[in-house]
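# Coordinate analysis (summary)
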Amino acid sequence: MTTQLRIAIPVLIAAIVVWMSAFKVDQWEQAVVFRFREINRSDFEPGLHFMWPVMDTVKKFELRLLNMDQEPQRYLTIEKKDVIVDYYVKWRISNVRSFYTATRGGDIESANFLLAQRINSALRDEFGKRTVQEVVAGERGEMLDIVTATTSQLEKEMGITVVDVRTKRIDLPEEVSTSVYDRMRAERLRVAKDFRARGEEAAERIRANADREREVILANAYRDAETIRGEGDALATEIYAAAYGKNEEFYTLYRSLNAYQNSFSSGKDLIVLEPDSDFFKYFRSPKAR
Amino acid sequence: MGWNEPPNGNKGRDPWGDRGNGGGPPDLDEIVRRMQRGFGGLFGRRTGGPGGYNPALLWLLGAAIVVVLLIFDITYFIDQQERGVVLRFGRYVTTLQPGLNVVFPSFIDNVIPVNVGLVRSITHKATMLTQDENIVDVEVAVQWRIDDAAEFVFNVEDPTATLRQVAESAVREVIGKSKLDFVLTEGRSEIAQNQKQLMQKILNDYRTGILIVTVEMQPAKPPDQVKAAFDDAIKAREDEQRLVNEAEAYRNDIIPRARGGAARLREEANAYKATVVARAEGDAARFEQMLTEYERAPAVTRQRLYLDSLESVLSKTPKVLVDTRNSNNVMYVPLDRLLDRPRTPGDSGAQPDAATGRTAAQALQDLGTQPDTRGRPER
């Protein structure tokens, strides 16, 4: 054997041995070392680790937060109303041993399946205790907290910690949506009618007020006008009285004569008279009768 | 070690055998010579024979190549908007800042570049329930970037998909706590703000290392199925205003008109007053002047006025003179025939009657209303 061989072969063998016994655990992984197919150690920090070459095998699992998301489910609320719920679950493997055992070798799919069953039944219970409004609005968070809490026993059974359960969708089924739309339409109709009715009321008020004001204005004007006319008449009467009162008898003669002329001015009248008035004084004889 | 014993005892066939060259690595020389022949004398002929190459030079060259490769391997440039997450044998050690960095060679250190400066955007558009069980269409746009490179890489499976889930969940939760009117009208900015806070809280709880930059909400709309009713409600609000305006217009029309009418009434009264007074003054003045003249010669003026007036009256008017003292008790006066005859002013009935051909005077004669010159046959 040459010197190089003496150096090279052991070096090579050493390299192969190191190669077979060293393994790397990434920051997002956790690892389990099996000795003769049995779980030996599972608490490895990220980094470089060593194991026995032939006896031990290593299997890696996710350390990251994992996602479970399935088809939307239909649940019944306490009011016997259907709601369609789409939720997601954030979970992680907290105990690798239990997880490996419970899922027959660490199959994420089967883990998701088991998780889904648990979550579904927990949600069904919670939804069944609440109304739609409570579920949608107020108690959404509280309910999900309850669900997360009830799945805490999964820690022991499956080595899973459920970090968060959140609903992405809580919707009403198609047939119920239709009735909701009807209700929304009816409510808007009521609002519209309300607006229009209030408009009518205000308009009528304004019109009535305007009419009233108009009547008042005209009545006041009538009152003032009559007063003025009265003043005029009074003034005229005063003037007449002052003038005619200077000689009442003459006024009577004068006025009567005017009256006779005006009364018979049309020419269509017929006078039947005896010729014995002062006008006919000299009618029968030239001497005054 | 069978190959160490050549069947022919030929020393030359033993690749591991001694070459009789003393120190140095003779087999390396052999290999290099073969290479040299293949390259057609690339290294050139140096002084010296078969062992003419300077082994030190080749070593130097080889070492230089290795060093250069090593330098390339252990230096890492990080862009301004990137960070480098360094895993040593898988274990996280540090995050590299922008610039020139030195790490261990790649079988020891693994560098994962992460873009922390780029702002990415996702939009989510959906129909959802409000607190009062109404349905509304909502569209949100979320802008985000990676804030903590290490957390982004290590903690969550598919952080981008997680972000989308969180966005959907958060917007529904925030809308689900608000009433429909609030969502449609004044609540937009508050809802967007609440959603941003909620999303950030959840993402921080998951330790995704994601930072939400902004959340913007497009104006929420009522679903298409009820859009008409919502539009009509808005129109009704405008109708209310319109009705009030119309009534105001009516009012603005009739009140000024009424005032105008009132003014007219007053002015007409004023006119009447002035007229009546003026007329009275006129009549009074006329009378007073007449009175003055009358009082100068009362009897004569009286007679004159009397006779003038009666003359004027009687000359214009058809008349019938009767003398009841000397006539029968019953007198036949065909007044309707007399009234019906057409006559001119001044006519005192001197036209012959159409039927009888006699004038009124002749009729009177027949009736016996004569002056005393005739006798009285009836008596």
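Structure first, text after, so check above.
The structure contained in this document is the topic of the report that follows.

## Concerning the overall build of chain B
Per the secondary structure count, chain B includes 10 helices and nine strands. Looking at chain B residue by residue over its 379 residues, the buried ones come to 33%. Expressed as a percentage of contacts within chain B between residues at least 6 apart in sequence, the contacts between residues at least 24 apart total 58%. Looking at chain B as shown, the accessible area adds up to about 23,200 Å², and 54% of this sits on carbon and sulfur atoms.

## As for the packing of helix α7 (residues 227-296) of chain B against helix α8 (residues 298-316) of chain B
Residues and elements named next belong to chain B. Interhelical geometry of α7 versus α8 gives an angle of 120° and a closest axis separation of 5 Å. Here α7 is positioned oblique relative to α8, judged by the angle of their axes. Counted together, Glu293, Tyr294, Glu295 and Arg296 of α7 and Pro298, Thr301 and Arg302 of α8 form the full contact between these two elements. Classifying every residue of the contact of α7 with α8 by side-chain character gives two nonpolar, one polar and four charged.

## Re the interface of chain B and chain A
With 107 residues of chain B at the contact, the number on the chain A side is 103 residues. A buried area of about 9,900 Å², summed over both sides, lies between chain B and chain A, and 63% of it is on carbon and sulfur atoms. Here chain B is connected to chain A by 11 salt bridges. Its salt-bridge partner being Arg196 of chain A, residue Asp232 of chain B comes within 3.4 Å of it at the nearest N-O pair. Between the two partners, chain B and chain A, sit 33 residue pairs in polar contact (both at pLDDT 80 or more). Residue composition of the side of chain B that touches chain A, by class: 54 nonpolar, 18 polar and 35 charged. The pairing of strand β10 (residues 271-273) of chain A with strand β9 (residues 319-321) of chain B spans three bridges and is parallel. Note that in β9 of chain B the partner of Leu273 of chain A across the bridge is Leu321 of chain B.

## Quick look at the packing of aromatic side chains
Evaluated as defined, the whole model comprises 17 aromatic pairs over all chains. Taking the centre distance of 5.4 Å and the plane angle of 20° together, the rings of Tyr240 of chain A and Tyr244 of chain A count as stacked. Of this pair, Tyr240 of chain A and Tyr244 of chain A both sit in helix α7 (residues 174-244), four residues apart, which is roughly one turn of that helix. Measuring from centroid to centroid gives 4.7 Å for Tyr244 of chain A and Phe287 of chain B, while their planes differ by 80°, and the two rings are edge-to-face. Taken together, the positions of Tyr244 of chain A in helix α7 and Phe287 of chain B in helix α7 put the pair across two chains. Note on accessibility: Tyr244 of chain A and Phe287 of chain B belong to one class, buried. Stacked on the ring of Phe61 of chain A, the Lys or Arg Lys59 of chain A has its end atom at 5.8 Å from the ring centre. Between Arg207 of chain A and the ring centre of Tyr250 of chain B, over which it is positioned, the NZ or CZ distance is 5.4 Å.

## Side note on helix α4 (residues 159-176) of chain B
Over its 18 residues, α4 of chain B extends 25 Å from the first C-alpha to the last, a length consistent with the 26 Å expected when each residue adds 1.5 Å. The buried count for α4 of chain B comes to 15 of 18 residues, which makes it a mostly enclosed element.

## Considering the environment of Thr167 of chain A
All names here are of chain A. Mapped onto the secondary structure, Thr167 falls in strand β9 (residues 160-171). Classification of Thr167 as buried rests on a relative accessible area of 2%. A sequence separation of 78 residues divides Thr167 from Val89, and the C-alpha atoms of the two residues are 8.9 Å apart.

## Looking at the sheet that holds strand β2 (residues 29-35) of chain A
Residues and elements named next belong to chain A. Judged by pairing direction, the sheet is antiparallel, and its three strands sit side by side in the order β3-β2-β5 without closing on themselves. Pairing within the sheet leaves two strands with one partner each, and these edge strands are β3 (38-41) and β5 (56-62). This sheet shows a mean twist of 45° between the axes of neighbouring strands, independent of strand direction. Bridge count between β2 and β5: seven bridges; the pairing is antiparallel. The partner of Val32 across the bridge, within β5, is Lys59.

## Topic: unusual backbone geometry
Residue and element names in this part refer to chain B. Backbone geometry at Asp158 places phi at a positive 50°, although glycine is not the residue there. When you line up the elements, Asp158 lands in the loop between α3 (149-154) and α4. Judged by its relative accessible area of 44%, Asp158 is partly exposed. The backbone of Arg207 shows a phi angle near 55°, a positive value even though the residue is not glycine. Assignment of secondary structure puts Arg207 in the loop between α6 (188-206) and β8 (210-217). Residue class for Arg207 comes out partly exposed when judged on its relative accessible area of 43%.

## Considering the sheet that holds strand β3 (residues 91-96) of chain B
Strand pairing within a sheet occurs via backbone hydrogen bonds; the two strands may be parallel or antiparallel. Residue and element names in this part refer to chain B. The strand order across the open sheet formed by three strands is β3-β2-β5, and the pairing between neighbours is antiparallel. The strands lining the two open edges of the sheet, one partner per strand, are β3 and β5 (109-115). For this sheet, the mean angle separating the axes of adjacent strands, direction not counted, is 25°. Direction of pairing for strand β2 (residues 82-88) relative to β3: antiparallel, over a ladder of five bridges. Looking at the pairing, Val86 lines up with Thr94 of β3.

Rules used throughout
- Every chain begins its residue count from 1, and numbering advances along the sequence as written.
- Following the order in which they are written, the chains are lettered starting with A and the ligands numbered starting with 1.
- Given that this is a predicted model, residues contribute local features only at a pLDDT of at least 70 and side-chain atom pairs are listed and counted only at 80 or more, while totals for whole chains, interfaces and linings are drawn from all residues.
- To get the side-chain values, all heavy atoms of the structure are used, and hydrogens and water are removed first.
- Helical segments are the DSSP runs of H or I of at least four residues, strand segments are the runs of E of at least two, and each set is numbered from the N terminus.
- Residue exposure (1.4 Å probe, protein chains only): buried if accessible area is under 20% of the type maximum, exposed if over 50%, otherwise partly exposed.
- Whether two residues are in contact is decided by their heavy atoms: any pair within 4.5 Å suffices.
- For the area figures, the Shrake-Rupley method with a 1.4 Å probe applies, and any residue is considered shielded solely by the protein chains shown.
- Throughout, an axis means a line fitted to C-alpha atoms (over the contacting stretch in the case of helices), and angles, computed between N-to-C directions, take values from 0 to 180 degrees.
- Each angle receives one of four descriptions, namely roughly parallel if under 35 degrees, roughly antiparallel if over 145, roughly perpendicular if within 65 to 115, and oblique otherwise.
- Amino acids are sorted into nonpolar (Ala, Val, Leu, Ile, Met, Phe, Trp, Tyr, Cys and Pro), charged (Asp, Glu, Lys and Arg) and polar (every other residue, Gly among them).
- Here the quantity called buried area is the total loss of accessible area, with a 1.4 Å probe, experienced by two parts when brought into contact, counted for both.
- Here, a salt bridge means any side-chain nitrogen of Lys or Arg that lies within 4 Å of a carboxyl oxygen of Asp or Glu.
- Contacts described as polar in this section are N or O atom pairs within 3.5 Å, which, within protein, must combine one atom able to donate a hydrogen with one able to accept it, while residues neighboring in sequence count only if both atoms come from side chains.
- Pairing between strands is defined by DSSP: at least two bridges between the two strands are required.
- Note on aromatic contacts: the rings of Phe and Tyr and the six-membered ring of Trp form a pair at centre separations within 6.5 Å, being stacked when their planes are under 30 degrees apart, edge-to-face when over 60 apart, and tilted otherwise.
- Any Lys NZ or Arg CZ that is within 6 Å of a ring centre and within 35 degrees of that ring's normal is treated as a charge sitting over the ring.
- Helix span, expected: 1.5 Å multiplied by one less than the number of residues in the helix.

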